[in-house]
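So the chains spell out like this:
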Amino acid sequence: MKKIIALVLVAVLTVCCLAGCGNKKENKQPKEFQTKELVMATNATFPPYEYYENGKIVGIDAEIAQAIADKLGYTLKIEDMEFDSILAAVQSGKVTMGMAGMTITPDREAIVDFSNTYATAVQSVIVKADGDIKTLDDVTGKKIGVQTSTTGDIYATDDYGDENIERYSKGTDAVAALVAGKIDCVIIDNEPAKAYVAANEGLTILDTAYAEEQYAIAFAKSNPLVKDAVNGALVELINDGTIKKIIEKYIPAEEVPAE
Ligand code: GLN
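Residues numbered from 1 in each chain as written. Predicted model: local features only at pLDDT ≥ 70, side-chain atom pairs only at ≥ 80, totals over all residues. Heavy atoms only, no water.

### Section: the nonpolar core
As a reminder of what qualifies: Definition used in this section: a nonpolar core is a set of buried Ala, Val, Leu, Ile, Met, Phe, Trp, Tyr and Cys residues joined via side-chain atoms within 4.5 Å. Note on classification: 1.4 Å probe, protein chains only; a residue is buried when its accessible area is under 20% of the maximum for its type, exposed when over 50%, partly exposed between these limits. Secondary structure elements are taken from DSSP: a helix is a run of H or I of four residues or more, a strand is a run of E of two residues or more, and numbering for both begins at the N terminus. Contacts are assigned to residue pairs with any non-hydrogen atoms lying within 4.5 Å of each other.
Counting 43 residues, the largest nonpolar core has I64, I68, M97, Y118, I126 and I217 as the members making the most contacts within it. Residue assignment for this core shows that the elements contributing at least two residues are β1 (37–42), α3 (60–72), β7 (119–121), α7 (171–179), β11 (185–189), α8 (190–199), α9 (224–239) and α10 (242–250). Sequence-distant contacts of I64, defined by excluding residues within four places in its chain, comprise M99, Y118, L234, I243 and I246. Counting residues in each nonpolar core, the second largest holds 16 residues, with F83, I86, M102 and V112 among its members.

Below is the structure:
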């Protein structure tokens, strides 16, 4: 009798396990392959990479994502959120990818996978043209505005101390605070810095000695098949010159990395 019970148990367990394994395999098939939709999380206050024009999110990242979607025969949906929320949305699978002029950093690489890099940047310091910050040294002890959780935030906190940092959820809010005299400078990526200075009177840019940064698309580590598909399309678009063309439409003569 015991033997029979044992046999039945083994049989039941085997069936459960097989069913379980089957399910697991099915779960591994990315939903994007069925829905044929890429959902991109971004923060659309970052010109010329992502910003609003006539109520629509446009810019380099939006165009690159659209070119990738077109190549894959997918539709593209863009979700605007705070920069600080993008990686969590990617990790949880709520969105397919994070694309927001996002710099590859070791801390981020620990929690998400990155595509090949498609653009480079450096950090810039925006100051009042008639203010007393003339060089990087003058930034010490001043009130520095940054966008929360960006590399500007990370580097400025390290270099100038947390007590001197004012964090804003949008780059535009940091720049508005500078214009209003609430802070002394804003540390942000060079291209949005140029756009903000062009859009606001009385501001200018100090170039910093910060290292060059590489922008890439972030994916959940649990979704390698989608990453491979999107990255494959991105690499083709880099190699055939499409990405360079898109970037140069917004940033004349910007150099695009080879890979
Ligand atoms: N490149 C910076 C970063 O990745 C800023 C990106 C952004 O503000 N959209 O942190």
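Text resumes after the structure shown.
### What to know about the pattern of salt bridges
What counts here: Salt bridges are counted wherever a side-chain nitrogen of Lys or Arg sits within 4 Å of a carboxyl oxygen of Asp or Glu.
Per the stated rule, a full pass over the model turns up nine salt bridges. A salt bridge links E63 to K249; the nearest nitrogen and oxygen atoms lie 2.5 Å apart. Taken together, the residues span a long stretch of sequence, with E63 in helix α3 and K249 in helix α10 at a distance of 186 residues. Its salt-bridge partner being D153, residue R167 comes within 2.9 Å of it at the nearest N-O pair. One end of the pair, R167, is in strand β10 (residues 165–168); the other, D153, is in helix α6 (residues 151–160), and 14 residues separate them in sequence. Take R167: its relative accessible area is 36%, and that puts it in the partly exposed class. For D153, a relative accessible area of 6% gives the class buried. One salt-bridge network, in which partners are shared between bridges, spans K77, E79 and K94.

Honestly, it's all geometry; don't read function into it.
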